[in-house]
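Secondary and tertiary structure notes
Letter by letter, the chains look like this.
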Amino acid sequence: MNDVELVHVLRGSHPEAVHRGVVALVHSAGTLREAYGDAETLVWLRSIAKPFQAALVAELTADSYALTAQELAIMSGSHGGTPEQVAILRRLMERIGVTETDLHCGVSAPLDRKAADQLRQAGMKPTVLNHPCSGKHLGMVAACRAMGWAVEGYEHFDHPLQRLVVDKLADLTDCPTAQIAVALDGCSVPTFGLTLRQVALGYARLGTVENAALASIRAAMRAHPVLMSGHGRMDTALMQVTNGRLLAKDGSEGMVAISLPEAGYGLVIKISDGATRALMPIVTELLARFDFITTEEAAQLRTAYPTSLKIHTGEQAGTLKVVI
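No experiment lies behind these values; they were computed from the predicted model shown.

1. Examining the pairing of strand β11 (residues 316-322)
Along any regular strand the residues' side chains alternate between the sheet's two faces. Looking at chain direction, strand β1 (residues 4-11) and β11 are connected through 5 bridges and run antiparallel. Its bridge partner being in β11, V9 is matched across the sheet by L320. Sheet topology places strand β10 (residues 308-310) next to β11; 3 bridges connect them, and they run antiparallel. By the bridge assignment for β11, K310 is matched with Q316. Between the end of β10 and the start of β11, which pair antiparallel, lie 5 residues, with G314 showing a positive phi angle near 95°.

2. Thoughts on the pattern of salt bridges
One pass over the full model with this rule turns up 14 salt bridges. R46 is the salt-bridge partner of D185, the closest N and O atoms lying 2.4 Å from each other. In this pair, D185 is assigned in the loop between β5 (181-184) and β6 (190-195) and R46 in the loop between β4 (42-44) and α1 (50-61), connecting sequence segments 139 residues apart. When its relative accessible area of 10% is taken as the criterion, D185 is described as buried. With relative accessibility at 25%, the residue R46 sits in the partly exposed group. R245 serves as the salt-bridge partner of E297, at 2.7 Å between the closest nitrogen and oxygen. Here R245 lies in the loop between α10 (234-241) and β7 (247-251) and E297 lies in helix α12 (residues 295-304), a separation of 52 residues in the sequence. Residue class for E297 comes out buried when judged on its relative accessible area of 8%. Among the ionic contacts, a cluster of salt bridges with common partners joins E285, R289 and R302.

3. What about the environment of G81?
Locating G81 in the fold gives a position in the loop between α2 (69-76) and α3 (83-96). In this structure G81 comes out as buried when scored by relative accessible area, which is 3%. On a C-alpha basis, the gap between G81 and N130 in space is 4.1 Å, while along the polypeptide they are 49 residues apart. Residues within four places of G81 in sequence aside, it is in contact with V86, P110, A115 and N130.

4. Here's the deal with helix α7 (residues 196-206)
The element α7 is largely enclosed, with a buried count of 10 among its 11 residues. Of the positions making up α7, those classed as buried are L196, Q198, V199, A200, L201, G202, Y203, A204, R205 and L206.

5. Structural notes on the side chain of Q85
Mapped onto the fold, Q85 is located in helix α3. In terms of polar contacts, Q85 uses its side chain to reach the backbone amide nitrogen of G81, at 3.0 Å. Among the polar contacts listed, one links the side chain of Q85 to the backbone oxygen of S229, at a separation of 3.2 Å. The residues touching Q85, leaving out its near neighbours within four places in the chain, are I74, H79, G80, V226, L227 and S229.

6. Digging into the nonpolar core
Counting 103 residues, the largest nonpolar core has L238, I258, I269 and L287 as its most contacted members. Of the residues forming this core, the biggest block, 7 residues, is contributed by α1. Setting aside anything within four residues of it in sequence, one finds I258 in contact with Y203, L238, L246, L247, A248, Y265, G266, L267, V283 and L287.

7. With respect to the packing of helix α6 (residues 160-173) against α7
At a minimum axis separation of 8 Å, α6 and α7 run at an interaxial angle of 90°. Considering their axes alone, α6 and α7 lie roughly perpendicular with respect to each other. On α7, the residues touching D171, L172 and T173 of α6 are Q198, L201, G202 and R205. In terms of residue class, the contact of α6 with α7 is built from 2 nonpolar, 3 polar and 2 charged.

8. Some details on α2
A large share of α2 lies buried, amounting to 6 of its 8 residues. Looking at α2, one finds that the buried residues are E71, L72, A73, I74, M75 and S76. Packed against the buried residues of α2 are α1, α3, α5 (134-147), α8 (212-223), α9 (225-228) and β7.

The rules behind these values
- Residues numbered from 1 in each chain as written.
- Predicted model: local features only at pLDDT ≥ 70, side-chain atom pairs only at ≥ 80, totals over all residues.
- Heavy atoms only, no water.
- Pairing = 2+ DSSP bridges.
- Helix = DSSP H or I, 4+ residues; strand = E, 2+ residues; numbered from the N terminus.
- Salt bridge = Lys/Arg side-chain N within 4 Å of Asp/Glu carboxyl O.
- Buried < 20%, exposed > 50% of the residue type's maximum accessible area, 1.4 Å probe, protein only.
- Contact = heavy atoms within 4.5 Å.
- Polar contact = N/O pair within 3.5 Å; in protein donor to acceptor, adjacent residues only side chain to side chain.
- Core = buried A, V, L, I, M, F, W, Y, C linked by side-chain atoms within 4.5 Å.
- Axes fitted to C-alpha atoms, helices over the stretch in contact; angles between N-to-C directions.
- Parallel < 35°, antiparallel > 145°, perpendicular 65-115°, else oblique.
- Nonpolar A, V, L, I, M, F, W, Y, C, P; charged D, E, K, R; others polar.

Printed below as a string of structure tokens:
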């Protein structure tokens, strides 16, 4: 990975650790406006792909299930597994006539700490609907039902649904289908490898392409940022602070992707070592640097995600410093 130093972790005034990575800012027309490191670096989308996958689900189910904004929001994000999110998914599951055994994401404890604690205190075990990817999987099952495809095997790359996912990505990123790398994601469906520039282009177009499916995903993410992700989560905070003026999705291994519909840009950041603590300082710095957020919005984000490193007494021992 041809990366650069992005964040220094300072202890006192001297670096104690360094987070490297790559950044790409791309216009929906395909123009690379800014890059730090090599924008042609291949990255795995992992859950960054969820808004695109949800857009395909919205398109395929439009005449069958008319998915609600709440349902589409949960499908577009990595939800926290809260009782509210689980209840919405359970109602949809009943509506399309499937059971938990039809979802092949596996069982996971809720990402939401309060929800996880509540399950433990009640002596209950997590179910498949607590998994952060269960919304995406239920959407895929709904699409299979709507299209008359077999539900069994929907997660495999040779299933027609997954082939259409690749076509959707190819269309939005200007990457030929044959050049999109494929591997196994953490929830059993395929994940896709594209260059950072291509992913940023896809996110630029997520916010600007005018079709019903993408419009429904934009509306869902704007209306329900907490349902999409959860309280205290980075992507939720970015959308709340800007009142939905930007759309965001955080991902695995130190990635975040941001769509800026008004400006027509997509911004993607990948931290090479996967450290999420380096993300928000860079995100805030770059959004402010390119005038995508106001001074007040930047201050809110820095308050919510401080760069100071404090010890248990409350004293500051160091800081996270953006160096690009």
